[in-house]
Amino acid sequence: MNTALTSSVRCRFAPSPTGNVHIGNIRTAIYNWLVARHHGGKFLLRIEDTDRERSTPEAVQGVLNAMDWLGLTIDEEPVYQSTRREAHLAMAEQLLASGHAYKEDKGNTGRGEAVIFRMPGEDMGFDDLVKGPLRKAAADLKDFVIVRSDGNPVFHLSNVADDIAMNINLVIRGDDHVENTYRHLALYQALGAPLPSFAHLPMIVNHQGKPYSKRDGDAYVGDFQAKGYLPEALFNFLVLLGWSPGDDREFLSREELVALFDLDRVGSNPAQFDLVKFENLNGQYMRALPDSDYKTQFTACLAEAGLIPDDDAYLDRVIPLLKERIKKWPDTAEQAHYFFSDHFSFDEKAVRKRLQREGALENLLALREAFAALPDFTATALDEALRNLAEQQGAKPADFIHPVRVAVTGQAGGPSLFELLEVLGRDRVLDRMAKAKETVASLNPSE
Ligand code: GLU
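Now for a description of the structure that goes with this document. From a predicted model like this one, the values you see are computed outputs, not experimental measurements.

### Description of the overall build of the protein
Counting its secondary structure elements, the protein contains 19 helices and 12 strands. Taking 447 residues into account, the globule formula puts the C-alpha radius of gyration at 22 Å, and the protein, at 31 Å, lies well above it. If one aligns the C-alpha atoms of the protein with their principal axes, the spans along those axes are about 100 × 50 × 35 Å. When the 447 residues of the protein are sorted by exposure, 48% land in the buried category. Across the protein, the fraction of contacts at a sequence separation of at least 24, relative to all contacts at a separation of at least 6, is 73%. Total accessible area on the protein stands at roughly 21,500 Å², and carbon and sulfur atoms take up 47% of it.

Here you go:
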(Lines give C-alpha, C1' and ligand atoms only; values in the text may rest on other atoms or scores of the structure.)
Protein backbone atom coordinates (compact mmCIF):
# COMPACT_ATOMS: atom_id res chain seq x y z
CA MET A 1 0.00 0.00 0.00
CA ASN A 2 1.08 3.54 -0.77
CA THR A 3 2.43 4.85 2.56
CA ALA A 4 1.02 8.23 1.63
CA LEU A 5 -2.44 6.75 2.02
CA THR A 6 -2.19 5.37 5.53
CA SER A 7 -2.33 7.02 8.93
CA SER A 8 1.21 8.25 8.31
CA VAL A 9 -0.01 10.51 5.52
CA ARG A 10 1.27 14.08 5.82
CA CYS A 11 -0.18 16.49 3.34
CA ARG A 12 -0.37 20.23 3.13
CA PHE A 13 -2.02 23.21 1.57
CA ALA A 14 0.61 25.60 0.19
CA PRO A 15 -1.13 28.73 -1.08
CA SER A 16 0.66 31.78 -2.43
CA PRO A 17 -1.15 34.61 -0.66
CA THR A 18 -1.31 37.11 -3.48
CA GLY A 19 -4.99 38.03 -3.47
CA ASN A 20 -8.42 36.64 -2.71
CA VAL A 21 -8.77 32.91 -2.14
CA HIS A 22 -10.18 31.31 -5.28
CA ILE A 23 -12.62 28.41 -4.89
CA GLY A 24 -10.26 26.22 -6.92
CA ASN A 25 -7.53 26.83 -4.38
CA ILE A 26 -9.68 26.18 -1.38
CA ARG A 27 -10.96 22.98 -2.98
CA THR A 28 -7.32 21.85 -3.06
CA ALA A 29 -7.13 22.61 0.65
CA ILE A 30 -10.36 20.70 1.28
CA TYR A 31 -9.14 17.61 -0.58
CA ASN A 32 -5.90 17.66 1.40
CA TRP A 33 -7.82 18.05 4.63
CA LEU A 34 -10.20 15.19 3.76
CA VAL A 35 -7.38 12.81 2.86
CA ALA A 36 -5.63 13.57 6.14
CA ARG A 37 -8.81 13.17 8.19
CA HIS A 38 -9.92 10.04 6.32
CA HIS A 39 -6.63 8.25 6.99
CA GLY A 40 -5.99 9.77 10.40
CA GLY A 41 -2.86 11.54 9.15
CA LYS A 42 -1.75 15.16 9.31
CA PHE A 43 -2.86 18.24 7.44
CA LEU A 44 -0.42 21.16 7.42
CA LEU A 45 -0.38 24.68 6.10
CA ARG A 46 2.49 26.41 4.42
CA ILE A 47 2.08 29.98 3.33
CA GLU A 48 4.26 30.50 0.25
CA ASP A 49 4.84 34.18 0.86
CA THR A 50 8.19 34.67 -0.82
CA ASP A 51 6.90 37.05 -3.48
CA ARG A 52 7.53 40.18 -1.45
CA GLU A 53 5.64 42.48 -3.74
CA ARG A 54 2.52 40.41 -4.17
CA SER A 55 2.21 38.65 -0.79
CA THR A 56 0.38 40.97 1.55
CA PRO A 57 -0.60 40.52 5.21
CA GLU A 58 -4.24 40.98 4.11
CA ALA A 59 -3.93 38.13 1.64
CA VAL A 60 -2.42 35.89 4.34
CA GLN A 61 -5.28 36.80 6.65
CA GLY A 62 -7.68 36.01 3.80
CA VAL A 63 -6.29 32.47 3.57
CA LEU A 64 -6.55 31.96 7.33
CA ASN A 65 -10.11 33.32 7.42
CA ALA A 66 -11.25 31.16 4.53
CA MET A 67 -9.81 28.05 6.18
CA ASP A 68 -11.31 28.95 9.51
CA TRP A 69 -14.74 29.64 7.98
CA LEU A 70 -14.71 26.25 6.24
CA GLY A 71 -13.43 24.40 9.31
CA LEU A 72 -10.12 23.36 7.75
CA THR A 73 -8.24 22.71 10.96
CA ILE A 74 -4.48 22.23 10.80
CA ASP A 75 -2.38 19.86 12.87
CA GLU A 76 0.84 21.83 13.24
CA GLU A 77 1.83 25.48 13.34
CA PRO A 78 1.67 27.07 9.89
CA VAL A 79 5.01 27.43 8.13
CA TYR A 80 5.76 30.81 6.55
CA GLN A 81 8.03 30.16 3.61
CA SER A 82 9.61 33.62 3.78
CA THR A 83 11.19 32.68 7.12
CA ARG A 84 13.02 29.74 5.56
CA ARG A 85 15.17 31.54 3.03
CA GLU A 86 18.46 30.48 4.66
CA ALA A 87 17.46 26.82 4.52
CA HIS A 88 16.55 27.17 0.84
CA LEU A 89 19.91 28.74 0.05
CA ALA A 90 21.71 26.07 2.06
CA MET A 91 20.02 23.47 -0.07
CA ALA A 92 21.24 25.22 -3.21
CA GLU A 93 24.78 25.11 -1.78
CA GLN A 94 24.37 21.40 -1.15
CA LEU A 95 23.32 20.87 -4.76
CA LEU A 96 26.27 22.90 -6.00
CA ALA A 97 28.63 20.87 -3.82
CA SER A 98 27.26 17.56 -5.09
CA GLY A 99 27.52 18.70 -8.71
CA HIS A 100 23.73 18.75 -9.25
CA ALA A 101 23.82 22.47 -9.82
CA TYR A 102 26.15 24.97 -11.39
CA LYS A 103 26.52 28.74 -11.52
CA GLU A 104 26.08 30.75 -14.66
CA ASP A 105 25.66 34.36 -15.67
CA LYS A 106 22.60 33.68 -17.78
CA GLY A 107 22.71 35.70 -20.96
CA ASN A 108 25.96 37.33 -19.79
CA THR A 109 24.09 40.23 -18.27
CA GLY A 110 26.90 41.02 -15.89
CA ARG A 111 24.28 41.13 -13.13
CA GLY A 112 25.80 38.14 -11.41
CA GLU A 113 25.47 34.42 -11.49
CA ALA A 114 22.34 32.38 -11.01
CA VAL A 115 22.35 28.86 -9.61
CA ILE A 116 21.08 26.39 -12.19
CA PHE A 117 19.87 22.89 -11.43
CA ARG A 118 21.17 20.20 -13.75
CA MET A 119 18.39 17.87 -14.92
CA PRO A 120 19.43 14.19 -14.97
CA GLY A 121 19.30 13.94 -18.76
CA GLU A 122 16.96 10.99 -18.82
CA ASP A 123 13.24 10.43 -19.44
CA MET A 124 11.17 10.86 -16.30
CA GLY A 125 7.81 9.65 -15.15
CA PHE A 126 5.59 9.30 -12.12
CA ASP A 127 2.26 7.72 -11.21
CA ASP A 128 -0.10 10.55 -10.46
CA LEU A 129 -2.80 9.42 -8.03
CA VAL A 130 -5.44 11.25 -10.08
CA LYS A 131 -4.08 11.33 -13.62
CA GLY A 132 -2.36 7.96 -13.70
CA PRO A 133 1.10 7.39 -15.21
CA LEU A 134 2.72 10.54 -16.70
CA ARG A 135 5.98 10.70 -18.64
CA LYS A 136 8.25 13.24 -20.22
CA ALA A 137 11.20 12.81 -22.57
CA ALA A 138 14.68 13.92 -21.51
CA ALA A 139 14.80 16.38 -24.40
CA ASP A 140 11.88 18.29 -22.88
CA LEU A 141 13.39 18.47 -19.43
CA LYS A 142 15.71 21.44 -19.36
CA ASP A 143 18.05 22.65 -16.62
CA PHE A 144 16.41 25.43 -14.58
CA VAL A 145 17.25 28.28 -12.23
CA ILE A 146 16.97 27.56 -8.50
CA VAL A 147 18.55 30.79 -7.19
CA ARG A 148 18.25 33.97 -9.22
CA SER A 149 21.24 36.19 -9.88
CA ASP A 150 19.82 38.60 -7.26
CA GLY A 151 20.26 35.86 -4.67
CA ASN A 152 16.59 34.95 -4.29
CA PRO A 153 15.59 31.29 -4.26
CA VAL A 154 13.07 30.26 -6.92
CA PHE A 155 9.67 28.64 -6.24
CA HIS A 156 10.83 25.12 -7.22
CA LEU A 157 13.68 25.11 -4.72
CA SER A 158 11.69 26.62 -1.84
CA ASN A 159 8.67 24.42 -2.47
CA VAL A 160 10.68 21.18 -2.47
CA ALA A 161 12.97 22.25 0.38
CA ASP A 162 9.95 22.96 2.57
CA ASP A 163 8.08 19.80 1.63
CA ILE A 164 11.18 17.81 2.60
CA ALA A 165 11.57 19.73 5.87
CA MET A 166 7.88 19.26 6.70
CA ASN A 167 8.08 15.53 5.89
CA ILE A 168 5.31 15.80 3.34
CA ASN A 169 4.67 12.44 1.71
CA LEU A 170 1.61 13.35 -0.37
CA VAL A 171 1.33 16.47 -2.50
CA ILE A 172 -2.18 17.27 -3.66
CA ARG A 173 -2.32 20.40 -5.81
CA GLY A 174 -3.74 21.92 -8.95
CA ASP A 175 -2.81 20.39 -12.28
CA ASP A 176 -1.16 23.63 -13.35
CA HIS A 177 1.79 22.15 -11.42
CA VAL A 178 2.13 18.90 -13.40
CA GLU A 179 4.99 20.28 -15.48
CA ASN A 180 6.78 21.48 -12.36
CA THR A 181 6.58 18.05 -10.81
CA TYR A 182 9.27 16.58 -13.09
CA ARG A 183 11.66 19.27 -11.86
CA HIS A 184 10.61 18.69 -8.28
CA LEU A 185 11.16 14.95 -8.57
CA ALA A 186 14.63 15.56 -9.98
CA LEU A 187 15.38 17.79 -6.97
CA TYR A 188 14.25 15.10 -4.51
CA GLN A 189 16.42 12.56 -6.27
CA ALA A 190 19.46 14.82 -6.30
CA LEU A 191 19.00 15.45 -2.58
CA GLY A 192 18.50 11.78 -1.81
CA ALA A 193 15.16 12.57 -0.19
CA PRO A 194 12.26 10.09 -0.22
CA LEU A 195 9.78 10.90 -2.98
CA PRO A 196 6.28 11.98 -2.05
CA SER A 197 3.24 10.80 -3.99
CA PHE A 198 1.53 13.36 -6.19
CA ALA A 199 -2.12 13.96 -6.97
CA HIS A 200 -2.90 16.75 -9.43
CA LEU A 201 -6.44 18.06 -9.44
CA PRO A 202 -8.24 19.18 -12.57
CA MET A 203 -9.43 22.76 -12.74
CA ILE A 204 -12.81 24.18 -11.97
CA VAL A 205 -14.27 25.51 -15.23
CA ASN A 206 -17.20 27.63 -16.39
CA HIS A 207 -19.98 26.64 -18.79
CA GLN A 208 -17.65 27.11 -21.76
CA GLY A 209 -15.06 24.82 -20.23
CA LYS A 210 -12.71 27.76 -19.52
CA PRO A 211 -11.08 28.26 -16.11
CA TYR A 212 -13.76 29.56 -13.75
CA SER A 213 -12.99 33.16 -12.88
CA LYS A 214 -14.42 36.26 -11.27
CA ARG A 215 -15.96 37.13 -14.64
CA ASP A 216 -18.19 34.04 -14.39
CA GLY A 217 -19.58 35.03 -10.99
CA ASP A 218 -18.52 34.63 -7.39
CA ALA A 219 -15.12 33.00 -7.48
CA TYR A 220 -13.62 33.80 -4.10
CA VAL A 221 -14.39 32.20 -0.76
CA GLY A 222 -14.97 35.66 0.71
CA ASP A 223 -17.73 36.35 -1.85
CA PHE A 224 -19.66 33.30 -0.68
CA GLN A 225 -19.17 34.22 2.95
CA ALA A 226 -20.30 37.81 2.35
CA LYS A 227 -23.41 36.66 0.50
CA GLY A 228 -24.62 34.63 3.44
CA TYR A 229 -24.09 31.13 2.11
CA LEU A 230 -23.42 28.42 4.65
CA PRO A 231 -19.84 27.17 4.93
CA GLU A 232 -21.07 23.56 5.23
CA ALA A 233 -22.84 23.93 1.89
CA LEU A 234 -19.80 25.38 0.13
CA PHE A 235 -17.61 22.70 1.65
CA ASN A 236 -19.94 19.94 0.47
CA PHE A 237 -20.35 21.50 -2.96
CA LEU A 238 -16.64 21.99 -3.60
CA VAL A 239 -15.91 18.39 -2.62
CA LEU A 240 -18.34 17.29 -5.34
CA LEU A 241 -16.52 19.38 -7.97
CA GLY A 242 -14.22 16.60 -9.04
CA TRP A 243 -15.19 13.78 -6.71
CA SER A 244 -18.32 11.70 -6.21
CA PRO A 245 -19.21 9.11 -3.61
CA GLY A 246 -19.87 6.57 -6.37
CA ASP A 247 -23.63 6.98 -6.22
CA ASP A 248 -25.91 9.95 -6.81
CA ARG A 249 -25.88 11.33 -3.28
CA GLU A 250 -25.09 15.02 -3.14
CA PHE A 251 -26.05 16.13 0.34
CA LEU A 252 -23.25 14.71 2.46
CA SER A 253 -22.31 15.78 5.95
CA ARG A 254 -18.73 16.52 6.83
CA GLU A 255 -18.53 13.24 8.75
CA GLU A 256 -19.81 11.30 5.76
CA LEU A 257 -17.33 13.04 3.49
CA VAL A 258 -14.46 12.22 5.83
CA ALA A 259 -15.56 8.59 5.88
CA LEU A 260 -16.07 8.32 2.11
CA PHE A 261 -13.47 10.57 0.54
CA ASP A 262 -10.89 8.80 -1.53
CA LEU A 263 -8.48 10.03 -4.21
CA ASP A 264 -9.40 7.01 -6.35
CA ARG A 265 -12.71 8.62 -7.16
CA VAL A 266 -11.35 12.04 -8.03
CA GLY A 267 -12.06 12.51 -11.72
CA SER A 268 -9.38 13.61 -14.13
CA ASN A 269 -11.72 15.86 -16.13
CA PRO A 270 -12.32 19.51 -15.27
CA ALA A 271 -15.35 20.07 -13.05
CA GLN A 272 -17.95 22.65 -13.98
CA PHE A 273 -19.12 25.18 -11.42
CA ASP A 274 -22.90 25.59 -11.50
CA LEU A 275 -24.22 28.36 -9.26
CA VAL A 276 -27.85 27.22 -9.47
CA LYS A 277 -26.88 23.78 -8.24
CA PHE A 278 -24.87 25.32 -5.45
CA GLU A 279 -27.77 27.56 -4.38
CA ASN A 280 -30.06 24.54 -4.22
CA LEU A 281 -27.60 22.72 -2.04
CA ASN A 282 -27.29 25.77 0.20
CA GLY A 283 -31.08 25.80 0.53
CA GLN A 284 -30.98 22.15 1.53
CA TYR A 285 -28.43 22.93 4.23
CA MET A 286 -30.65 25.71 5.55
CA ARG A 287 -33.64 23.40 5.73
CA ALA A 288 -31.58 20.82 7.55
CA LEU A 289 -31.07 23.24 10.45
CA PRO A 290 -33.01 22.47 13.63
CA ASP A 291 -36.36 24.34 13.55
CA SER A 292 -35.46 26.61 16.43
CA ASP A 293 -32.18 27.69 14.78
CA TYR A 294 -33.96 28.25 11.52
CA LYS A 295 -36.53 30.44 13.24
CA THR A 296 -33.88 32.49 15.04
CA GLN A 297 -32.03 33.18 11.79
CA PHE A 298 -35.23 33.86 9.89
CA THR A 299 -36.37 36.39 12.51
CA ALA A 300 -32.94 38.05 12.48
CA CYS A 301 -33.15 38.49 8.69
CA LEU A 302 -36.60 40.05 9.04
CA ALA A 303 -35.39 42.37 11.80
CA GLU A 304 -32.53 43.56 9.61
CA ALA A 305 -35.09 44.62 7.03
CA GLY A 306 -37.19 46.32 9.72
CA LEU A 307 -39.86 43.62 9.71
CA ILE A 308 -41.28 42.47 13.02
CA PRO A 309 -43.55 39.41 13.15
CA ASP A 310 -46.96 40.00 14.81
CA ASP A 311 -46.58 36.93 16.93
CA ASP A 312 -44.80 33.66 17.19
CA ALA A 313 -47.72 31.55 16.03
CA TYR A 314 -47.94 33.56 12.81
CA LEU A 315 -44.21 33.08 12.25
CA ASP A 316 -44.63 29.34 12.71
CA ARG A 317 -47.21 29.30 9.94
CA VAL A 318 -45.25 31.48 7.53
CA ILE A 319 -41.91 29.68 7.77
CA PRO A 320 -43.02 26.32 6.34
CA LEU A 321 -44.52 28.12 3.33
CA LEU A 322 -41.26 29.83 2.45
CA LYS A 323 -38.67 27.28 3.49
CA GLU A 324 -38.48 25.49 0.14
CA ARG A 325 -38.01 28.77 -1.69
CA ILE A 326 -35.28 30.48 0.32
CA LYS A 327 -31.86 29.50 -0.98
CA LYS A 328 -29.77 31.85 1.11
CA TRP A 329 -30.43 33.91 4.22
CA PRO A 330 -30.13 37.34 2.63
CA ASP A 331 -33.08 36.46 0.33
CA THR A 332 -35.37 35.98 3.31
CA ALA A 333 -36.72 39.50 3.70
CA GLU A 334 -37.48 39.88 0.02
CA GLN A 335 -39.36 36.58 -0.11
CA ALA A 336 -41.17 37.15 3.16
CA HIS A 337 -41.89 40.88 3.02
CA TYR A 338 -45.58 40.74 2.15
CA PHE A 339 -46.30 38.45 5.09
CA PHE A 340 -45.08 41.03 7.56
CA SER A 341 -45.94 44.39 6.08
CA ASP A 342 -48.44 46.03 3.75
CA HIS A 343 -45.68 48.13 2.27
CA PHE A 344 -44.16 45.53 0.01
CA SER A 345 -43.04 46.30 -3.52
CA PHE A 346 -44.74 45.18 -6.69
CA ASP A 347 -43.00 43.40 -9.51
CA GLU A 348 -43.93 45.73 -12.37
CA LYS A 349 -43.73 43.05 -14.99
CA ALA A 350 -46.14 40.88 -13.02
CA VAL A 351 -48.51 43.81 -12.55
CA ARG A 352 -48.51 44.55 -16.26
CA LYS A 353 -49.04 40.92 -17.20
CA ARG A 354 -51.56 39.93 -14.54
CA LEU A 355 -53.41 43.00 -13.32
CA GLN A 356 -53.40 45.36 -16.26
CA ARG A 357 -54.83 42.96 -18.72
CA GLU A 358 -58.43 43.22 -19.90
CA GLY A 359 -60.89 42.06 -17.25
CA ALA A 360 -58.27 41.31 -14.58
CA LEU A 361 -59.49 43.89 -12.06
CA GLU A 362 -63.15 42.92 -12.60
CA ASN A 363 -62.25 39.27 -12.00
CA LEU A 364 -60.38 40.28 -8.90
CA LEU A 365 -63.30 42.20 -7.46
CA ALA A 366 -65.71 39.36 -8.20
CA LEU A 367 -63.33 36.99 -6.48
CA ARG A 368 -63.07 39.32 -3.52
CA GLU A 369 -66.85 39.15 -3.08
CA ALA A 370 -66.71 35.36 -3.18
CA PHE A 371 -63.86 35.28 -0.62
CA ALA A 372 -65.60 37.79 1.62
CA ALA A 373 -68.65 35.58 1.77
CA LEU A 374 -66.75 32.56 3.07
CA PRO A 375 -67.50 31.61 6.65
CA ASP A 376 -64.10 29.92 7.00
CA PHE A 377 -61.07 31.54 5.43
CA THR A 378 -59.25 28.26 4.82
CA ALA A 379 -57.11 27.07 1.90
CA THR A 380 -59.66 24.45 0.87
CA ALA A 381 -62.60 26.86 1.04
CA LEU A 382 -60.67 29.55 -0.89
CA ASP A 383 -59.63 27.07 -3.53
CA GLU A 384 -63.20 25.85 -3.97
CA ALA A 385 -64.63 29.37 -4.10
CA LEU A 386 -62.17 30.39 -6.81
CA ARG A 387 -62.85 27.36 -8.95
CA ASN A 388 -66.62 27.74 -8.62
CA LEU A 389 -66.42 31.36 -9.68
CA ALA A 390 -64.25 30.54 -12.69
CA GLU A 391 -66.70 27.87 -13.76
CA GLN A 392 -69.69 30.19 -13.38
CA GLN A 393 -68.01 32.77 -15.56
CA GLY A 394 -66.80 30.25 -18.12
CA ALA A 395 -63.22 31.32 -17.38
CA LYS A 396 -60.06 29.44 -16.44
CA PRO A 397 -59.01 29.28 -12.76
CA ALA A 398 -55.69 30.81 -13.89
CA ASP A 399 -57.55 34.02 -14.83
CA PHE A 400 -58.21 34.48 -11.11
CA ILE A 401 -55.23 32.78 -9.57
CA HIS A 402 -52.59 35.04 -11.13
CA PRO A 403 -54.27 38.39 -10.45
CA VAL A 404 -54.98 37.56 -6.82
CA ARG A 405 -51.41 36.41 -6.25
CA VAL A 406 -49.95 39.61 -7.66
CA ALA A 407 -52.47 41.80 -5.83
CA VAL A 408 -51.76 40.19 -2.48
CA THR A 409 -48.00 39.48 -2.67
CA GLY A 410 -46.68 41.82 -5.38
CA GLN A 411 -44.86 38.86 -6.91
CA ALA A 412 -45.44 36.60 -9.89
CA GLY A 413 -44.45 33.43 -8.05
CA GLY A 414 -44.39 32.19 -4.52
CA PRO A 415 -45.67 29.48 -2.24
CA SER A 416 -48.93 27.63 -2.74
CA LEU A 417 -51.52 30.38 -3.28
CA PHE A 418 -54.39 29.13 -1.14
CA GLU A 419 -52.16 28.31 1.77
CA LEU A 420 -50.56 31.70 1.70
CA LEU A 421 -53.98 33.38 1.56
CA GLU A 422 -55.12 31.39 4.58
CA VAL A 423 -51.99 32.34 6.53
CA LEU A 424 -52.19 36.03 5.55
CA GLY A 425 -55.76 35.98 6.78
CA ARG A 426 -59.05 37.49 5.70
CA ASP A 427 -58.36 41.13 6.55
CA ARG A 428 -55.05 41.48 4.74
CA VAL A 429 -56.23 39.54 1.71
CA LEU A 430 -59.50 41.41 1.21
CA ASP A 431 -57.85 44.72 1.86
CA ARG A 432 -55.08 44.13 -0.68
CA MET A 433 -57.55 42.86 -3.27
CA ALA A 434 -59.62 46.02 -2.87
CA LYS A 435 -56.52 48.17 -3.29
CA ALA A 436 -55.39 46.48 -6.51
CA LYS A 437 -56.99 49.16 -8.69
CA GLU A 438 -55.02 51.87 -6.91
CA THR A 439 -51.84 49.81 -7.17
CA VAL A 440 -52.23 49.49 -10.91
CA ALA A 441 -52.89 53.20 -11.25
CA SER A 442 -49.92 54.18 -9.10
CA LEU A 443 -47.55 52.02 -11.10
CA ASN A 444 -48.78 53.39 -14.38
CA PRO A 445 -50.03 56.95 -13.90
CA SER A 446 -50.78 57.42 -17.61
CA GLU A 447 -53.53 54.81 -17.60
N1 GLU B 1 2.11 28.13 -3.94
C2 GLU B 1 1.80 27.18 -4.97
C3 GLU B 1 0.42 27.49 -5.54
O4 GLU B 1 -0.38 28.11 -4.85
C5 GLU B 1 1.81 25.82 -4.30
C6 GLU B 1 1.92 24.67 -5.13
C7 GLU B 1 1.95 23.39 -4.32
O8 GLU B 1 0.93 23.04 -3.71
O9 GLU B 1 2.97 22.75 -4.30
O10 GLU B 1 0.13 27.17 -6.64
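Picking up where we left off.
### Side note on the layout of surface pockets
Counted as a void, the largest pocket has a volume near 1,200 Å³. Lining the largest pocket are 46 residues, and of these Ala14, Pro15, Ser16, Asn25 and His177 sit closest to its centre. Elements that contribute at least two residues to the lining of the largest pocket include exactly strand S1 (10-13), helix H1 (23-39), helix H3 (85-97), helix H4 (155-165) and strand S9 (170-174). Residue contributions to the lining of the largest pocket peak at 4 residues, all from H1. Tallied by class, the residues present in the lining of the largest pocket amount to 16 nonpolar, 17 polar and 13 charged.

### Examining the side chain of Asn206
Within the secondary structure, Asn206 is located in the loop between strand S11 (204-205) and helix H6 (221-226). Polar contacts involving the side chain of Asn206 include one to the side chain of Asp216, which spans 3.0 Å. Setting aside chain neighbours within four positions, we find Asn206 in contact with Pro211, Tyr212, Asp216 and Gln272.

### Considering a positive patch on the surface
Where like charges cluster on the molecular surface, the positive patch consists of Lys349, Arg352, Lys353, Arg357 and Lys396. Positionally, Arg352 belongs in helix H13 (residues 348-355).

### Observations concerning H13
The set of residues buried in H13 consists of Ala350, Val351, Arg354 and Leu355. One side of H13 carries all its buried residues, which in axial view fall inside an arc of 100°. Residues Lys349 and Lys353 are exposed on H13 and point more than 90 degrees away from its buried face. Looking at the buried side of H13, the elements it contacts are helix H14 (360-372), helix H16 (398-409) and helix H19 (436-443). Two or three places before Lys349, at the opening of H13, Asp347 has a side-chain oxygen 3.0 Å from that residue's backbone nitrogen.

### Digging into the nonpolar core
In terms of nonpolar packing, the biggest core is built from 109 residues, with Ile26, Leu72, Phe298, Phe339, Phe340 and Phe371 touching the most fellow members. The dominant element in this core, judged by the number of residues it contributes, is H1, at 9 residues. Each residue touching Phe340, except ones within four places of it in the same chain, is listed here: Phe298, Leu302, Leu307, Pro309, Tyr314, Leu315, Val318 and Arg428.

### Things to note about the packing of aromatic side chains
To describe a pair of aromatic rings, you give the distance between the ring centres and the angle between the ring planes. Taken as a whole and judged by the stated rule, the model has 22 aromatic pairs. Feature note: the residues Tyr212, Phe224, Tyr229, Phe237, Phe273 and Phe278 constitute an aromatic cluster, connected by ring pairs. When the ring centre of Tyr31 is taken as reference, the NZ or CZ atom of Arg27 above it lies at 5.5 Å. Between Arg254 and the ring centre of Trp33, over which it is positioned, the NZ or CZ distance is 5.4 Å.

### Focus on the site of the ligand
Around the ligand, the surrounding shell consists of Arg12, Ala14, Pro15, Ser16, Glu48, Asn159, Arg173 and His177. Take Arg12: an N or O atom from its side chain is 2.7 Å from an oxygen atom of the ligand. Separating a nitrogen atom of the ligand from a backbone N or O atom of Ala14 is a distance of 2.8 Å. Because more than half of its atoms lie within 2 Å of the grid, the ligand is assigned to the largest pocket. Class assignment of the residues belonging to the shell around the ligand gives a composition of 2 nonpolar, 3 polar and 3 charged.

### Some remarks on the sheet that holds strand S8 (residues 144-147)
Judged by pairing direction, the sheet is antiparallel, and its 3 strands sit side by side in the order S4-S5-S8 without closing on themselves. Among the strands making up the open sheet, the edge pair consists of strand S4 (101-104) and S8. Strand-to-strand, the axes of this sheet are offset by a mean angle of 45°, without reference to chain direction.

### Structural notes on the packing of H1 against helix H7 (residues 231-240)
Contact geometry of H1 with H7 gives a least axis separation of 9 Å together with a crossing angle of 85°. The angle between the axes of H1 and H7 places the two elements in the roughly perpendicular class. Between H1, through Ile23, Ile26, Arg27, Ile30, Tyr31, Trp33 and Leu34, and H7, the contact on the second element is made entirely by Phe235, Leu238 and Val239. The residue inventory of the contact of H1 with H7, partitioned by class, reads 9 nonpolar, no polar and 1 charged.

### Some points on the pattern of salt bridges
This structure, assessed with the given rule, holds 24 salt bridges. Between Lys131 and Asp175 there is a salt bridge, with the nearest N and O atoms lying 2.9 Å from each other. One end of the pair, Lys131, is in the loop between strand S6 (124-128) and strand S7 (132-136); the other, Asp175, is in the loop between S9 and helix H5 (178-191), with 44 residues separating them in the sequence. For Lys131, a relative accessible area of 28% corresponds to the partly exposed category. Several salt bridges converge on common partners, so that one network encompasses Arg12, Arg46, Glu48, Arg84, Asp162 and Asp163.

Calculation notes
Residues numbered from 1 in each chain as written. Predicted model: local features only at pLDDT ≥ 70, side-chain atom pairs only at ≥ 80, totals over all residues. Heavy atoms only, no water. Helix = DSSP H or I, 4+ residues; strand = E, 2+ residues; numbered from the N terminus. Rg over C-alpha atoms; globule rule 2.2 N^0.38 Å. Buried < 20%, exposed > 50% of the residue type's maximum accessible area, 1.4 Å probe, protein only. Contact = heavy atoms within 4.5 Å. Areas by Shrake-Rupley, 256 points an atom, 1.4 Å probe, with all protein chains shown as cover. 1 Å grid on protein atoms, 1.4 Å probe; cavity = no way out; pocket = protein on both sides within 12 Å on 5 of 7 lines; lining within 4 Å. Points joined across faces, edges and corners; volume = space filled by probe spheres on them. Nonpolar A, V, L, I, M, F, W, Y, C, P; charged D, E, K, R; others polar. Polar contact = N/O pair within 3.5 Å; in protein donor to acceptor, adjacent residues only side chain to side chain. Patch = residues over 30% accessible without salt bridge, like charges linked within 9 Å, V, L, I, M, F, W, Y side chains within 5 Å. Salt bridge = Lys/Arg side-chain N within 4 Å of Asp/Glu carboxyl O. Lys, Arg positive; Asp, Glu negative; His and termini not counted. Charge placed at Lys NZ, Arg CZ, Asp CG, Glu CD. Arc of directions from axis to C-beta. Core = buried A, V, L, I, M, F, W, Y, C linked by side-chain atoms within 4.5 Å. Phe/Tyr/Trp six-rings, centres within 6.5 Å; stacked < 30°, edge-to-face > 60°. Lys NZ or Arg CZ within 6 Å of the ring centre and 35° of its normal. Near = heavy atom within 4 Å. Sits in = over half its atoms within 2 Å of the grid points. Pairing = 2+ DSSP bridges. Axes fitted to C-alpha atoms, helices over the stretch in contact; angles between N-to-C directions. Parallel < 35°, antiparallel > 145°, perpendicular 65-115°, else oblique.

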